[in-house]
Amino acid sequence: MHDEHTKIFAKLQGKVSRRTLLKGVGLGGAAAALANFGGWAQAQEGSSLATTGGTFRMMVGDIGVTAVNAARLQLPSSSFGIGAPEGGPDEVLTSVNLPTGTIPSVATPVLFEVGGNLVLLDTGTGAPNVTLMSGLASLGVMPEDIDTVIISHWHGDHTGGLSFDGELAFPNANVMISETEYAFIQDGGDTTAQARSKLAPADDAGVLMQYTDGDELFPGITAVAAPGHTPGHFVFDIQSGGQRLWHLVDTANHQVIALRHPEWGFGFDGDVEQATATRRMLLGTAADEQIMIMAYHFPFAGTGYVARNGEDGFSFTPSL
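Residues numbered from 1 in each chain as written. Predicted model: local features only at pLDDT ≥ 70, side-chain atom pairs only at ≥ 80, totals over all residues. Heavy atoms only, no water.

**Examining the overall build of the protein chain**
1) Next: Secondary structure assignment for the protein chain yields 11 helices and 18 strands.
2) Next: Put simply, of all contacts in the protein chain between residues at least 6 apart along the chain, 70% involve residues at least 24 apart.
3) Next: For the protein chain, the accessible surface area stands at approximately 12,600 Å², while carbon and sulfur atoms represent 49% of it. (Helix = DSSP H or I, 4+ residues; strand = E, 2+ residues; numbered from the N terminus. Contact = heavy atoms within 4.5 Å. Areas by Shrake-Rupley, 256 points an atom, 1.4 Å probe, with all protein chains shown as cover.)

Following this line, the structure appears as structure tokens:
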């Protein structure tokens, strides 16, 4: 399995510029103001909480995969078009009869049931965390039942629900993060301060573990490096019983814009050029091999299939 991943994703392993990752791209002052994605999301959720906390469960062979609708977000449409002509994202939205100007989004952690373990992929914004916890509770899962939390990358909408006031939200869980991302967080200064504080309780308790490209974290769940959005951004290849699902996390952050124009960057991409290369490679392979995908910010539950559309674009068809 490791050889397959090495072959498919070898082109994605270029070095990422720390200076580029820390300065943000395309949004100018807005990028700096929104660097703490978790805090920004908290201000935006408001009355939308009643619409979150839902779940969707599917099986990939013997692995249970449950999406948890943990937060609703709002983003300016311009943030989906770094490098696009002015107004380009809104033109794409208009062409498919979607509202322009402000784009609604979701945050969708995933619970894996694998080999007798309950494994949570990412933790939402943590603002407030009741939506994630209520979704898990609807499955009969309490915080203390979680065996492992996998962090895909450092952004606040993925690490925000990991800990509060120095206490782990999932007290019996190991926490896993990539070696690359962990090193970047430690060296990130003010930019990654929130992520450091969220991870610190796991580090202090000795339950923080690190993974690298090609590691099989649990039977049938393999971590695959997908840099660009952040230097240690990872996606996950889930295979069991002849079935397969790719969780692309934040490789693509809008189900229409990012696929029709994979060359356009996202406002929270640390390295737009690298993120674009990653996006094209993953979407192209998913389309050509007809692999079901899941994406963290696509409309709930984020599952479906990718097809090639035109010379350099793609389209997404949800499975629900």
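**Quick word on the sheet that holds strand β17 (residues 303-309)**
1) Next: Strand order across the open sheet formed by seven strands is β12-β13-β14-β15-β16-β17-β18, with mixed pairing between neighbours. With one partner strand each, in any of the chains shown, β12 (216-218) and β18 (313-318) form the two edges of the open sheet. Strand-to-strand, the axes of this sheet are offset by a mean angle of 35°, without reference to chain direction.
2) Next: In terms of strand pairing, β17 meets β18 through six bridges, oriented antiparallel. (Pairing = 2+ DSSP bridges. Axes fitted to C-alpha atoms, helices over the stretch in contact; angles between N-to-C directions.)

**So, the nonpolar core**
1) Next: Counting residues in each nonpolar core, the largest one holds 28 residues, and the members touching the most others are Leu136, Ile146, Val149, Phe170 and Val175.
2) Next: Residue assignment for this core shows that the elements contributing at least two residues are β6 (117-121), α6 (130-137), β10 (174-178), α8 (179-186) and α9 (193-205).
3) Next: One finds Ala67, Leu217, Met294 and Ala301 within the second-largest nonpolar core, a separate group that totals 26 residues. (Core = buried A, V, L, I, M, F, W, Y, C linked by side-chain atoms within 4.5 Å. Buried < 20%, exposed > 50% of the residue type's maximum accessible area, 1.4 Å probe, protein only.)

**Here's the deal with the confidence of the model for the protein chain**
1) Next: The share of residues in the protein chain with pLDDT of 70 or more is 83%, and the mean pLDDT across the chain is 86.
2) Next: Taken as a whole, residues 5-51 scores under 50 in pLDDT and shows 88 contacts with residues more than four places along the chain or in a different chain. (pLDDT = per-residue confidence, 0-100.)

**Observations concerning the packing of aromatic side chains**
1) Next: Per the counting criterion, the structure on display carries six aromatic pairs.
2) Next: Note on Phe80 and Phe266: the rings are 5.1 Å apart at their centroids and 40° apart in plane angle, and the pair reads as tilted. One end of the pair, Phe80, is in the loop between β3 (71-76) and α5 (88-95); the other, Phe266, is in the loop between α10 (257-260) and α11 (272-289), with 186 residues separating them in the sequence. Of the two residues examined, Phe80 and Phe266, each falls in the buried class.
3) Next: Each ring, one from Trp154 and one from Phe184, has its centre 6.4 Å from the other, and the planes form 45°; the classification is tilted. Taken together, the residues Trp154 in the loop between β7 (148-150) and α7 (156-159) and Phe184 in helix α8 connect sequence positions 30 residues apart.
4) Next: Members of the aromatic cluster, each reached through a chain of ring pairs, are Phe80, Phe266 and Phe268.
5) Next: Just above the ring of Phe164 sits the side chain of Lys198; from NZ or CZ to the centre is 4.4 Å. (Phe/Tyr/Trp six-rings, centres within 6.5 Å; stacked < 30°, edge-to-face > 60°. Lys NZ or Arg CZ within 6 Å of the ring centre and 35° of its normal.)

**Focus on the packing of α8 against α9**
Each pair of packed helices can be summarised by the angle the axes make with each other and by the distance between the axes.
1) Next: One can describe the packing of α8 onto α9 by two numbers: an axis separation of 10 Å at closest approach and a directional angle of 115°. α9 is crossed by α8, and the crossing has left-handed handedness. On α9, the residues that touch Tyr182, Ile185 and Gln186 of α8 are Ala195, Arg196, Leu199 and Asp203.
2) Next: Residues that form the contact of α8 with α9 fall into these classes: four nonpolar, one polar and two charged. (Left-handed = near helix turned anticlockwise from the far one by under 90°. Nonpolar A, V, L, I, M, F, W, Y, C, P; charged D, E, K, R; others polar.)

**Description of the sheet that holds strand β5 (residues 110-114)**
1) Next: Here we have seven strands laid out as an open sheet, ordered β1-β2-β5-β6-β7-β10-β11, and mixed in their pairing. Each edge of the open sheet carries a strand with a single partner, namely β1 (55-60) and β11 (208-211). Averaged over all neighbouring strand pairs, the angle between strand axes comes to 25°, with direction disregarded.
2) Next: With four bridges joining them, β10 and β11 adopt parallel strand pairing. Of the residues in β11, the one forming a bridge with Met176 is Met209.
3) Next: Sitting on the sheet, α8 touches β10 and β11, and the angle it makes with β10 is about 85°.

**Looking at α6**
1) Next: All of the buried residues along α6 are Thr131, Leu132, Met133, Gly135 and Leu136.
2) Next: Residues of α6 that are buried in the fold lie against β1, β2 (63-68), β3, β5 and β6.

**Quick look at the environment of Pro89**
1) Next: Tracing the backbone through its elements, the reader meets Pro89 in helix α5.
2) Next: Here the alpha-carbon distance between Pro89 and Ser77, two residues 12 residues apart in the chain, equals 6.1 Å.
3) Next: Those residues in contact with Pro89, other than ones at most four positions away along the chain, are Ser77, Phe80, Gly81, Ala84, Ile257 and Trp264.

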